[in-house]
Amino acid sequence: MADFTAHIKVPGSDLSRYQPLNLETVIDYVRKRPELQELFSPDEELVSSEVGDGNLNLVFRIQAKKDPARSVIIKQALPYVRLVGDSWPLSPDRALIEGRALAIFSAICPDLTPKLYYTDQDMYLNVMEDLAPRIIMRKGLVKREHYPNFTKHIGRYLARTLGETLDLYLDPQLKKWNAAQFTNPQLCKITEDLVFTNPYIKEGNGNHFNALIAKDVDVIQNDVDLKVEMAELKDAFMNHGQALIHGDLHTGSIMVDATTTKVMDPEFAFYGPAGFDIGAVIGNLFLNYASHEGHTPDPGERREYRQYLLELARGVWENFVAEFQFVWEAQDPVQRPAAYRERYMRKLLQDTAGFGGAKMMRRIIGLAHVEDLESIVDPEKRAVAERLGLAIGRRLVKERARFTSIEDIINVVLTSQPEVL
Ligand code: SR1
Ligand code: MG
């Protein structure tokens, strides 16, 4: 077999001007940047805090002491995975990908994306709008908050960011040039391993889970049919460069208040399957659905909020489909007959279900979990919620080929039981 790998050039990051910031140096950094001199005057007192609760980066908030509402966020990539430490090196190039993705997504949906002030390519950081006092959406959902504009907003965000970057819509040559700007091998590898592979391997890959669900995890890891489907989904993730996807669109990447929605953190962005983003949103709503097993003991209150979460999932899909019409309106009707459109949308729905289900299971078995479930203190109650999450996720993956409408997905949630595994 020919060894052609010597011809493959792997670009490296230039760390010669890179310094990880801390609470003091970040203030010096802000003072020196011409881009921020309109926001903060040179002699005023600034206050910094570290506000990152993600798995990868440093995130600082810098505020004017006298007027804390005047603030910015600085998100800096570390050269390793923060959650694990420097034993897991990771190129800080993701900050550059994130900057490019934010620029594109905010050109497409300015009202739904944080304003990017600039990307510092030497320091591998992005300076952006402070989204406070909005909160991380999953925290609000744990508290049974309602977000009346969410489905309208996220449906439009998904339809426009995915639709405008598909080669059904964007000039196919431009699309390919753009895809080259979003080659994101290291972050894709994290997803390939953490979502599609590791949760289905027994040992030695960072998996951890509640001891009370060990038998359920065993069932999952011995389910050959499930592994076949997972291999199929992983192949689609790796090879179906359909649209510029956010790549990590869980409810921790969304900030909300009663009326507004902002989608942040697109460092996993690359040209991948559109259903991966839609599935991430819906799968995370279903994880929250499962978590109310622990958070909401009153059966009536639980039923009511779960009903609301299902309405949100339905609304995400329906608003997405309605907003996605612009893609078809731009088509030559002869080239794209109605039967093709129907088939395209059905496939997208099935991808959404499959990726959503995969994203549910990885958050219960794999390395990185979600607050919705982790904040259930009683391990017995948490186990019931986790079993329900696994049951829903597994069925979404295995049964997706028969789904023709969002109601098929909702019915899986309604008819899944924690004890069925
Ligand atoms: C090691 S990074 C773990 C996870 O955090 C991010 O939010 C992604 O979902 C990734 O898989
Ligand atoms: Mg993130």
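Use the structure listed above.
Basis of the calculations
Residues numbered from 1 in each chain as written. Chains lettered and ligands numbered in written order. Predicted model: local features only at pLDDT ≥ 70, side-chain atom pairs only at ≥ 80, totals over all residues. Heavy atoms only, no water. Near = heavy atom within 4 Å. Polar contact = N/O pair within 3.5 Å; in protein donor to acceptor, adjacent residues only side chain to side chain. Areas by Shrake-Rupley, 256 points an atom, 1.4 Å probe, with all protein chains shown as cover. Helix = DSSP H or I, 4+ residues; strand = E, 2+ residues; numbered from the N terminus. Nonpolar A, V, L, I, M, F, W, Y, C, P; charged D, E, K, R; others polar. Patch = residues over 30% accessible without salt bridge, like charges linked within 9 Å, V, L, I, M, F, W, Y side chains within 5 Å. Salt bridge = Lys/Arg side-chain N within 4 Å of Asp/Glu carboxyl O. Axes fitted to C-alpha atoms, helices over the stretch in contact; angles between N-to-C directions. Parallel < 35°, antiparallel > 145°, perpendicular 65-115°, else oblique. Left-handed = near helix turned anticlockwise from the far one by under 90°. Contact = heavy atoms within 4.5 Å. Pairing = 2+ DSSP bridges. Buried < 20%, exposed > 50% of the residue type's maximum accessible area, 1.4 Å probe, protein only.

*Asks:* Explain the site of ligand 1 to me, please; I cannot follow it from the model alone.
*Replies:* Taken together, the neighbourhood of ligand 1 is formed by Asn55, Leu56, Val81, Ile190, Leu194, Asp248, His250, Phe268, Arg362, Arg363 and Ala368. Between ligand 1 and Asn55 there is a distance of 2.6 Å, counted from an oxygen atom to a side-chain nitrogen or oxygen. Contact between ligand 1 and Arg363: an oxygen atom at 3.0 Å from a side-chain N or O atom of the residue. If ligand 1 stood free it would expose 320 Å²; the protein chains cover 94% of that surface. When residues of the shell around ligand 1 are traced back to their parent elements, those giving at least two are helix H6 (185-197) and helix H12 (338-365). Grouping the amino acids of the shell around ligand 1 by side-chain chemistry returns six nonpolar, two polar and three charged.

*Asks:* Got a minute to help me understand a nonpolar patch on the surface in this structure?
*Replies:* On the surface, Phe4, Ile8 and Val10 cluster together into a nonpolar patch covering about 350 Å² of accessible area. By the element assignment, Val10 lies in the segment before helix H1 (25-32).

*Asks:* How do you make sense of the packing of helix H9 (residues 274-295) against H12 when you look at a structure like this?
*Replies:* Working note: a packed helix pair is described by the angle between its axes plus the distance between those axes. Contact geometry for H9 and H12: axes closest at 7 Å, N-to-C directions at 50 degrees. Between H9 and H12, the crossing angle belongs to the class labelled oblique. The chirality of how H9 crosses H12 is right-handed. Of H12, the residues touching H9 (which contributes Ala274, Gly275, Phe276, Ile278, Gly279, Ala280, Ile282, Gly283, Phe286 and Leu287) are Leu348, Asp351, Thr352, Phe355, Gly356, Lys359, Met360, Arg363 and Ile364.

*Asks:* What's the story with the sheet that holds strand E6 (residues 116-120) in this structure? I'm lost.
*Replies:* Sheet strands line up and pair through hydrogen bonds in the backbone, either parallel or antiparallel. Strand order in the open sheet formed by five strands is E1-E2-E3-E7-E6, and the pairing between neighbours is antiparallel. At either margin of the open sheet sits one strand with a lone partner, and together these are strand E1 (46-50) and E6. Put simply, the sheet's adjacent strands are angled 20 degrees from each other on average, direction ignored. Here five bridges tie E1 to strand E2 (residues 57-64), and the two strands are oriented antiparallel to one another. By the bridge assignment for E2, Ser48 is matched with Ile62.

*Asks:* Whenever I open this one, the side chain of Asn184 confuses me. Can you help?
*Replies:* When you line up the elements, Asn184 lands in the loop between helix H5 (172-181) and H6. The buried category is assigned to Asn184, whose relative accessible area is 7%. A polar atom in the side chain of Asn184 sits 2.8 Å from the backbone oxygen of Glu267. Residue contacts for Asn184: discarding those within four places in its chain leaves Ile97, Glu267, Phe268, Ala269 and Phe270.

*Asks:* I tried to follow the sheet that holds strand E10 (residues 254-256) on my own but got confused; where do I start?
*Replies:* One open sheet holds the three strands; their spatial order is E8-E10-E11, and the pairing between them is antiparallel. Edge positions in the open sheet fall to strand E8 (135-136) and strand E11 (261-263), since each of these has one partner strand only. Pairing of E10 with E11 involves three bridges; the strand directions are antiparallel. By the bridge assignment for E11, Ile254 is matched with Val263. Against the sheet, helix H4 (residues 150-163) makes contact with E10 and E11, and its axis sits at roughly 30 degrees relative to E11, the strand it touches most.

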